[in-house]
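The chain contents come next:
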Amino acid sequence: MLSAGLTLEDRDNVLLPTRGRRGRARLEWADDAFSSDAEFVRARFEYAHLFSLRGEGVLAAVLRTSVMPPFGASA
């Protein structure tokens, strides 16, 4: 399987963030040429946004989705 991805990151702290956002996009390709049992292309997307609440709270909203159409012998 081959894969490639992009990440956008602007959170204020990696371990304990209180504000910011993170976005990821990843593309994966599996083919019988790589000894894979199934042939597919998968696209994954993720977006997270952190909102600092008054006081010491943080609200996190996350959206994740993926698309994985089969092709070749798997279709």
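Before any of the text, the structure's been laid out above.
Residues numbered from 1 in each chain as written. Predicted model: local features only at pLDDT ≥ 70, side-chain atom pairs only at ≥ 80, totals over all residues. Heavy atoms only, no water.

Details of the sheet that holds strand 2 (residues 20–30)
Ordered by their spatial adjacency, four strands build an open sheet running 1-2-3-4, and the pairing between neighbours is antiparallel. At either end of the open sheet lies a strand with only one pairing partner, and these are strand 1 (2–9) and strand 4 (58–67). On average, each strand axis in the sheet is tilted by 10° relative to the strand beside it, whichever way the strands run. Here 10 bridges tie strand 3 (residues 40–52) to strand 4, and the two strands are oriented antiparallel to one another. (Pairing = 2+ DSSP bridges. Helix = DSSP H or I, 4+ residues; strand = E, 2+ residues; numbered from the N terminus. Axes fitted to C-alpha atoms, helices over the stretch in contact; angles between N-to-C directions.)

Brief notes about the environment of Tyr47
With respect to the helices and strands, Tyr47 occurs in strand 3. Residues Tyr47 and Leu8, 39 residues apart in the sequence, show an inter-C-alpha distance of 9.1 Å. Ignoring sequence-local partners within four residues, the contact set of Tyr47 consists of Arg21, Arg22, Gly23, Ala61, Val62 and Leu63. (Contact = heavy atoms within 4.5 Å.)

Comments concerning the side chain of Arg42
Of note, Arg42 is situated in strand 3. There is a polar contact of 2.6 Å between the side chain of Arg42 and the side chain of Glu28. Other than its neighbours up to four places away in sequence, Arg42 contacts Arg26, Leu27, Glu28, Val67 and Met68. (Polar contact = N/O pair within 3.5 Å; in protein donor to acceptor, adjacent residues only side chain to side chain.)

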